[in-house]
Amino acid sequence: MTREEKSKVIKDLTAQLADTSTIYIADISGLDAGTTSNLRRACFKANVQLAVVKNTLLTKAMEASDKDFGELPATLKGNTSIMIAETGNAPAKVIKEFRKKNEKPILKGAFIDEAIYVGDEYLEALSNIKSKEEVVGDIIGLLQSPAKNVVSALKSSGGKIAGILKTLSEKED
């Protein structure tokens, strides 16, 4: 690889790192061609980009980035793949599901919305992270529930002032 080619790869990686808030670093070494193909297919279905990268080039891209990757560059040893997704838990779910039948991929680390996780022991916690859409849905559900209760109670009391006051006093208790 020429110096110009390396420079272009670093530039492309830096742009990718800048455009996403979810980056996983994993080890997929030792997977045969068929298993690697299955992993790539699983990533594609989950809308996760998977790419094998050279450690030195990824390190330089991280250094050139505006983001603080903390301890992640220290995990760049041996075989390294990056998994990039829009949803914070998507790569973790792919890894977790894939490991039901395989020993790898092994999670080296992750960068999710400026939070840094180093080590495979975080896989379970990362797979349980909720996406922004899920959190917003939960909040809307929580907000709708009390309002629905008050409206249904008001309807059942016939809309009379006494019924409204009774309903509201019960809600205070």
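Refer to the structure presented above.
Overview of the structure. The shown structure was predicted, so the numbers you read here are calculated from the model rather than taken from an experiment.

1. Digging into helix 1 (residues 3–19)
- Across its 17 residues, helix 1 extends 24 Å between first and last C-alpha, which sits within 8% of the 24 Å expected from 1.5 Å per residue.
- For helix 1, every residue scored as buried is listed here: I10, L13, T14 and L17. Here the buried residues of helix 1 occupy an arc of 105 degrees about the axis, which is enough to place them on one side. In this structure, helix 1 carries E4, K8, K11 and D19 as exposed residues pointing more than 90 degrees from its buried face.
- On its buried face, helix 1 sits against strand 1 (22–27), strand 2 (48–53), helix 3 (55–64) and strand 3 (80–85).

2. A word on the packing of aromatic side chains
- All chains considered together, the criterion is met by 2 aromatic pairs.
- Between the aromatic rings of F69 and F111, the centroid separation amounts to 4.8 Å while the plane-to-plane angle is 50 degrees, which identifies the pairing as tilted. Of this pair, F69 sits in the loop between helix 3 and strand 3 while F111 sits in strand 4 (residues 106–112), placing them 42 residues apart in sequence. Like F69, the residue F111 is buried in the burial classification.
- For the pair Y117 and Y122, a centre-to-centre distance of 5.6 Å together with 65 degrees between the ring planes defines the contact as edge-to-face.

Calculation rules
Residues numbered from 1 in each chain as written. Predicted model: local features only at pLDDT ≥ 70, side-chain atom pairs only at ≥ 80, totals over all residues. Heavy atoms only, no water. Helix = DSSP H or I, 4+ residues; strand = E, 2+ residues; numbered from the N terminus. Expected span 1.5 Å × (residues − 1). Buried < 20%, exposed > 50% of the residue type's maximum accessible area, 1.4 Å probe, protein only. Arc of directions from axis to C-beta. Contact = heavy atoms within 4.5 Å. Phe/Tyr/Trp six-rings, centres within 6.5 Å; stacked < 30°, edge-to-face > 60°.

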